[in-house]
Amino acid sequence: MKTPSNSIKRRFALKFLRTLVRIRKSTHQPSPSQSSTWEIRRRAQRIKLAAYSSMARTVGSKRAWSRALTMKLRAAMGNRPWSMIKQESKKMTRRKLIAKRKRHMEKDLNSGVQELRRLVPGGQWMDPLSLMQETAHFLRCLETQVRVMRSIVAEGEGFPC
């Protein structure tokens, strides 16, 4: 399996670290003994969103999963329901109309492809070949994300929060 280039790792790491710095500056940092379970969950959710956002922005709009993930994150940040965003994105252009017809014709696909469609952002709008390509790329990006986050944790273990 082809591994992501160092440039993607570096760009993701920079975007992710910048976002983490912004999160840290914008939120009150209580001492670990004062942190409530709710506050810890809230911070974890913000870090998760930052990681996904950084990954999607690093890849850009070239990939369908990246566009879908960006749209979903924008909906989450704007407190608008994801279903509302999906409806807005379904304006009936010729290309989207063809994709809709394909979805209806592919109802009898096996459960493995259906599961991938559920797991890969934007996968529900892809044909099986594109879905496989996007899944491979998405997995490489997730793998890069995990490596970068592990190295950040390993480097930061000696630093106080």
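Since this is a predicted model, take the numbers as computed values, not measurements.

### Looking at the overall build of the protein
Scanning the protein from N- to C-terminus turns up seven helices and zero strands. Listing every helix and strand of the protein by position from the N terminus yields α-α-α-α-α-α-α. Residues counted as buried form 29% of the 161 residues belonging to the protein. Once local pairs closer than 6 in sequence are excluded, the contacts in the protein between residues at least 24 apart make up 54%. Within the structure as shown, the protein displays about 11400 Å² of accessible surface, and the carbon and sulfur contribution to it stands at 57%.

### Side note on the side chain of Ser54
Checked against the element boundaries, Ser54 lands in helix α2 (residues 37-59). Apart from residues no more than four positions distant in its own chain, Ser54 is found in contact with Phe12, Lys15, Phe16 and Thr19.

### Let's talk about the nonpolar core
For soluble globular proteins, the rule of thumb is that nonpolar side chains tend to be buried together. By size, the foremost hydrophobic cluster in this structure holds 21 residues, and its most contacted members are Met55, Trp65, Leu69 and Val120. For this core, the secondary structure elements donating two or more residues are α1 (6-26), α2, α3 (64-77) and α7 (128-156). At six residues, the largest contribution of residues to this core is made by α2. What Met55 contacts, discounting residues up to four positions off in sequence, is Phe12, Trp65, Leu69, Phe138, Cys141, Leu142 and Gln145.

### Regarding α1
End to end, α1 covers 30 Å across 21 residues, agreeing with the expected 30 Å (1.5 Å per residue, within 8%). Within α1 the residues assigned to the buried category are Phe12, Ala13, Phe16, Thr19 and Ile23. All buried residues of α1 fall inside an arc of 140° around its axis, so they share one side. Away from the buried face of α1 by more than 90 degrees, exposed residues Asn6, Arg10, Arg18, Arg22 and Lys25 are located. Considering only its buried residues, α1 is in contact with α2 and α7.

### Side note on the packing of α2 against α7
Orientation of α2 relative to α7, taken along the N-to-C sense of each, is 125°, at an axis distance of 11 Å. The angle between α2 and α7 places the two elements in the oblique class. α2 and α7 meet at a crossing whose hand is right-handed. On α7, the residues that touch Ile47, Ala51, Tyr52, Met55 and Val59 of α2 are His137, Phe138, Cys141, Leu142, Gln145 and Met149.

### Structural notes on α7
With 29 residues, α7 ought to run about 42 Å at 1.5 Å a step, and its terminal C-alpha atoms sit 41 Å apart, in line with that. When α7 is considered as a whole, its buried residues turn out to be Leu131, Glu134, Thr135, His137, Phe138, Arg140, Cys141, Thr144, Gln145 and Val148.

### Details of the environment of Ser7
Checked against the element boundaries, Ser7 lands in helix α1. Measuring from C-alpha to C-alpha, the distance between Ser7 and Thr58 comes to 9.8 Å, with 51 residues separating the pair along the chain.

### Considerations on the packing of aromatic side chains
Tallied over the full model, the rule gives two aromatic pairs. With a centroid separation of 5.6 Å and 10° between ring planes, the pair formed by Phe12 and Phe16 is classed as stacked. Highlighted residues: Phe12 and Phe16, both in helix α1, separated by four residues, approximately one helical turn. Taken as a pair, Phe12 and Phe16 share a single burial class, namely buried.

Procedures and definitions
- Residues numbered from 1 in each chain as written.
- Predicted model: local features only at pLDDT ≥ 70, side-chain atom pairs only at ≥ 80, totals over all residues.
- Heavy atoms only, no water.
- Helix = DSSP H or I, 4+ residues; strand = E, 2+ residues; numbered from the N terminus.
- Buried < 20%, exposed > 50% of the residue type's maximum accessible area, 1.4 Å probe, protein only.
- Contact = heavy atoms within 4.5 Å.
- Areas by Shrake-Rupley, 256 points an atom, 1.4 Å probe, with all protein chains shown as cover.
- Core = buried A, V, L, I, M, F, W, Y, C linked by side-chain atoms within 4.5 Å.
- Expected span 1.5 Å × (residues − 1).
- Arc of directions from axis to C-beta.
- Axes fitted to C-alpha atoms, helices over the stretch in contact; angles between N-to-C directions.
- Parallel < 35°, antiparallel > 145°, perpendicular 65-115°, else oblique.
- Left-handed = near helix turned anticlockwise from the far one by under 90°.
- Phe/Tyr/Trp six-rings, centres within 6.5 Å; stacked < 30°, edge-to-face > 60°.

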